[in-house]
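Here's the letter readout for the chains.
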Amino acid sequence: MKKKTVRDAQVSGKRVLLRVDFNVPFVPKTTVIADDTRIQAVLPTIRYLKKRGASLVVCSHLGRPNGKVVKDMRLDSVAHRFEALLGEPIVHVRECIGPAVQQAVKELGPGEVLLLENLRFYPEEEKNDPEFAKALASLADIYVNDAFGASHRAHASINAITRFLPAYAGLQMEKELKMLGATLENPARPLGAIMGGAKISDKINVLHNLVQRVDRLFIGGGMAATFFKAQGLQVGSSLVEEESIGVAQDILKKAQSNSVKLFLPEDVVISKTFAGDAPHKDMDVARVPPGWMIMDIGPETARLFAREMRECRTLVWNGPMGVFEWEVFSQGTRAIAETMADMNNAITVVGGGSTAEAVEELGLTNAMNHVSMGGGASLEFLEGRDLPGISTLPDKDGD
Ligand code: ADP
Ligand code: MG
């Protein structure tokens, strides 16, 4: 179902409360923004609204101040970067509600931008408090949610707010819903999912949802060890989640009954210790010696996965194939990313914080059809769940 977007709204001369996700990473122990992708991502929505003469009241959370004012979590550096990227001055106030904010909003002309303070300085935000939402709503005529990455949270500026203002999706939100949605609703087939990452327990619901929808399922990363254990293989000292062996067995069974072609690694890169400079080698999965652990998929597996992936028309990927943070164990992840980047005849979608980071490091973000900016939110979306910031946005008329 399609959501109403800013394109469906009459915005000229209106005040728009725009929820964004400016929760950017910082260079550790500084106020220097390490990556401003999240700010750049909402510029199209901002420009769209400005051009049509709306005045913008922009709001975001940053970090986890836990309902208190934390000096280092003020939006000052975000405001500066935002101004620089936008190429014009904005007004930044030190609060989110109250008379001073109301005054600043009153003085805001068409096309002008006001940035509120960190929403999470108010405990009411994370409590989804209706009074706080109402106070925010009083600042504007319409509400636009362009914060996909925060939309799995039932917070006041995401969820309760939609009770008090006509609500619309922003352009970045629209893109996320369209591209992630393309993997779940009427995908071009064959549909393949590549799953990896450290733990199966983080991904149980994604696996359960995808095994019912995909034609091919590729499993790598640390979670592969638990699948091997479920098949009775020895995995040395690899991380096995004993409590998830049943889950792995269940997924294997469901893949079979749903005629999903499931691929597990055939060879793996193993290491003596969990370190980037430990002795390591490629090994058949059936021959992982005691005391060694699985750190990546092997080159044979990368070739097998690539061959089978290339026949897919839609591919969705979550979870690195190995401990990609260390160069020697990053080759499997690289192979998957390069295969996807190379597929011009398929829709390629990447979700998950670490996976997006790996793709970005490889310089392949733009080679994918979509790399989701919502880490946790993209996972919950792939679980097939209703997200509290999305289910409350009205559907387009006639859908
Ligand atoms: P995402 O954030 O994209 O959902 P995850 O957080 O689930 O991904 O997984 C990322 C982490 O998984 C990385 O830090 C990576 O080092 C780890 N990982 C991948 N393969 C293995 C492995 N074989 N053993 C241990 N950790 C692994
Ligand atoms: Mg992660």
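This text follows the structure it describes.
Residues numbered from 1 in each chain as written. Chains lettered and ligands numbered in written order. Predicted model: local features only at pLDDT ≥ 70, side-chain atom pairs only at ≥ 80, totals over all residues. Heavy atoms only, no water.

Asks: What is the right way to read the nonpolar core from this model?
Replies: As a rule of thumb, soluble globular proteins bury nonpolar side chains together. Counting 76 residues, the largest nonpolar core has Leu 17, Leu 116, Phe 148, Leu 217 and Phe 227 as its most contacted members. Among the domains, domain 1 (6-171) and domain 2 (178-382) are the pair contributing at least three residues each to this core. When near neighbours in sequence (up to four residues on either side) are disregarded, Phe 148 contacts Met 173, Glu 176, Leu 177, Leu 180, Ser 372, Gly 374, Ala 377, Ser 378, Phe 381, Leu 387 and Ile 390. Counting 31 residues, the second-largest nonpolar core is a separate cluster that includes Ala 54, Val 78, Ile 142 and Tyr 168. (Core = buried A, V, L, I, M, F, W, Y, C linked by side-chain atoms within 4.5 Å. Buried < 20%, exposed > 50% of the residue type's maximum accessible area, 1.4 Å probe, protein only. Domains from an automatic or database assignment. Contact = heavy atoms within 4.5 Å.)

Asks: Would you take a moment to explain the sheet that holds strand E14 (residues 347-350) for this structure?
Replies: Spatially, E9-E8-E7-E13-E14-E15 is the arrangement adopted by the six strands of the open sheet, whose pairing is parallel. Each of the sheet's edge strands pairs with one partner strand only, and the pair in question is strand E9 (261-263) and strand E15 (370-371). Pairing of strand E7 (residues 191-195) with strand E13 (residues 314-318) involves five bridges; the strand directions are parallel. Following the sheet pairing, Gly 192 is matched in E13 by Leu 315. Against the sheet, helix H11 (residues 299-309) contacts E7, strand E8 (216-219), E9 and E13, and its axis sits at roughly 160° relative to E8. (Pairing = 2+ DSSP bridges. Helix = DSSP H or I, 4+ residues; strand = E, 2+ residues; numbered from the N terminus. Axes fitted to C-alpha atoms, helices over the stretch in contact; angles between N-to-C directions.)

Asks: Looking at this model, I keep getting lost on a negative patch on the surface. Mind explaining?
Replies: Among the surface-exposed residues, Asp 35, Glu 325, Glu 357, Glu 360 and Glu 361 lie close enough to one another that they form a single negatively charged patch. Looking at the secondary structure, you find Asp 35 in the loop between strand E1 (15-19) and helix H1 (37-41). (Patch = residues over 30% accessible without salt bridge, like charges linked within 9 Å, V, L, I, M, F, W, Y side chains within 5 Å. Areas by Shrake-Rupley, 256 points an atom, 1.4 Å probe, with all protein chains shown as cover. Salt bridge = Lys/Arg side-chain N within 4 Å of Asp/Glu carboxyl O. Lys, Arg positive; Asp, Glu negative; His and termini not counted. Charge placed at Lys NZ, Arg CZ, Asp CG, Glu CD.)

Asks: In this structure, what is going on with the side chain of Thr 226? I would like to understand it.
Replies: Here Thr 226 shows up in helix H9 (residues 223-230). Residues contacting Thr 226, with those up to four places away along its chain left out, are Ile 200, Leu 239, Val 240, Glu 241, Ser 244, Ile 245 and Ala 248.

Asks: For this particular structure, what's the right way to read the sheet that holds strand E10 (residues 267-271)?
Replies: Through backbone hydrogen bonds, the strands of a sheet pair up, either in parallel or in antiparallel fashion. Taken in spatial order, the three strands line up as E11-E10-E12 in an open sheet, and their pairing is antiparallel. In this open sheet, the two edge strands, each paired with only one partner strand, are strand E11 (280-284) and strand E12 (293-297). For this sheet, the mean inter-axis angle between neighbouring strands, taken without regard to orientation, is 40°. Note that E10 and E11 share five bridges and pair antiparallel. Looking at the pairing, Asp 267 lines up with Asp 284 of E11.

Asks: Looking at this model, I keep getting lost on the site of ligand 1. Mind explaining?
Replies: Within the structure, ligand 1 sits among 19 residues, and Ala 198, Lys 203, Glu 325, Ser 354 and Thr 355 are positioned closest to it. The separation between an oxygen atom of ligand 1 and a polar side-chain atom of Lys 203 is 2.6 Å. Within the side chain of Thr 355, an N or O atom sits 2.4 Å from an oxygen atom of ligand 1. In isolation ligand 1 has 580 Å² of accessible area, and contact with the protein removes 83% of it. Mapped onto the shell around ligand 1, the elements with two or more residues apiece are E12 and helix H13 (353-361). (Near = heavy atom within 4 Å. Polar contact = N/O pair within 3.5 Å; in protein donor to acceptor, adjacent residues only side chain to side chain.)

Asks: Looking at this structure, I do not really get the pairing of E10. What am I missing?
Replies: It is a general feature of regular strands that their side chains alternate between the two faces of the sheet. The buried fraction of E10 is high, at five of five residues. Where burial is concerned, the two faces of E10 agree: the one with Asp 267, Val 269 and Ser 271 and the one with Val 268 and Ile 270 are both buried. Sheet analysis places E10 next to E12, joined by four bridges and oriented antiparallel. Within the sheet, the bridge partner assigned to Val 269 lies in E12 and is Asp 296.

Asks: Can you walk me through unusual backbone geometry in this structure?
Replies: A negative phi angle characterises most non-glycine residues, just as the trans form characterises most peptide bonds. The residue after Arg 189, namely Pro 190, is reached through a cis peptide bond having omega 5°. Mapped onto the fold, Pro 190 is located in the loop between helix H7 (171-184) and E7. Its identity as a non-glycine residue notwithstanding, Asn 128 has a phi of 55°, on the positive side. With respect to the element layout, Asn 128 can be found in the loop between helix H5 (123-126) and helix H6 (130-137). Residue class for Asn 128 comes out buried when judged on its relative accessible area of 16%. The residue Ser 259 is not glycine, and still its phi comes out positive at about 55°. For Ser 259, the location among the structural elements is in the loop between helix H10 (245-257) and E9. Among the residues examined, Ser 259 registers a relative accessible area of 63% and is labelled exposed.

Asks: Would you mind showing me how to read the pattern of salt bridges here?
Replies: Any two side chains of opposite charge can pair, given that their charged atoms come close. Applying the stated criterion across every chain, the model contains 19 salt bridges. Between Lys 3 and Asp 395 there is a salt bridge whose closest N-O contact spans 3.0 Å. Remark: Asp 395 occurs in the segment after helix H14 (375-382) and Lys 3 occurs in the segment before E1; sequence separation between them is 392 residues. Close ionic contact of Glu 308 with Arg 216 constitutes a salt bridge, the shortest N to O distance being 2.9 Å. Here Glu 308 is found in helix H11, whereas its partner Arg 216 is found in strand E8, with 92 residues between them in sequence. Assessed through its relative accessible area of 14%, Glu 308 is described here as buried. For Arg 216, a relative accessible area of 9% gives the class buried.

Asks: Whenever I open this one, the pairing of E7 confuses me. Can you help?
Replies: Within E7, five of the five residues are buried, which leaves it mostly tucked inside the rest of the structure. The side-chain alternation of E7 yields two buried faces, one formed by Leu 191, Ala 193 and Met 195 and the other by Gly 192 and Ile 194. The pairing of E7 with E8 spans four bridges and is classified as parallel. Each residue of the ladder has a partner; that of Met 195, found in E8, is Ile 219.

Asks: Just to check I follow, could you spell out the packing of aromatic side chains for this structure?
Replies: The way to describe two aromatic rings as a pair is by their centre distance and the angle between their planes. Per the stated rule, a full pass over the model turns up six aromatic pairs. Aromatic side chains Phe 274 and Trp 326 sit 5.1 Å apart centroid to centroid with 65° between the ring planes, which places their arrangement in the edge-to-face category. One end of the pair, Phe 274, is in the loop between E10 and E11; the other, Trp 326, is in the loop between E13 and helix H12 (331-341), with 52 residues separating them in the sequence. Site record: aromatic cluster; members linked through ring pairs are Phe 218, Phe 263 and Phe 305. Above the plane of the ring of Tyr 48 lies Arg 52, whose end atom (NZ or CZ) is 3.6 Å from the centre. Directly above the aromatic system of Trp 292 lies the positively charged group of Lys 281, at a separation of 4.4 Å from the ring centroid. (Phe/Tyr/Trp six-rings, centres within 6.5 Å; stacked < 30°, edge-to-face > 60°. Lys NZ or Arg CZ within 6 Å of the ring centre and 35° of its normal.)

So far we have only geometry, and geometry alone does not tell us how the molecule works.
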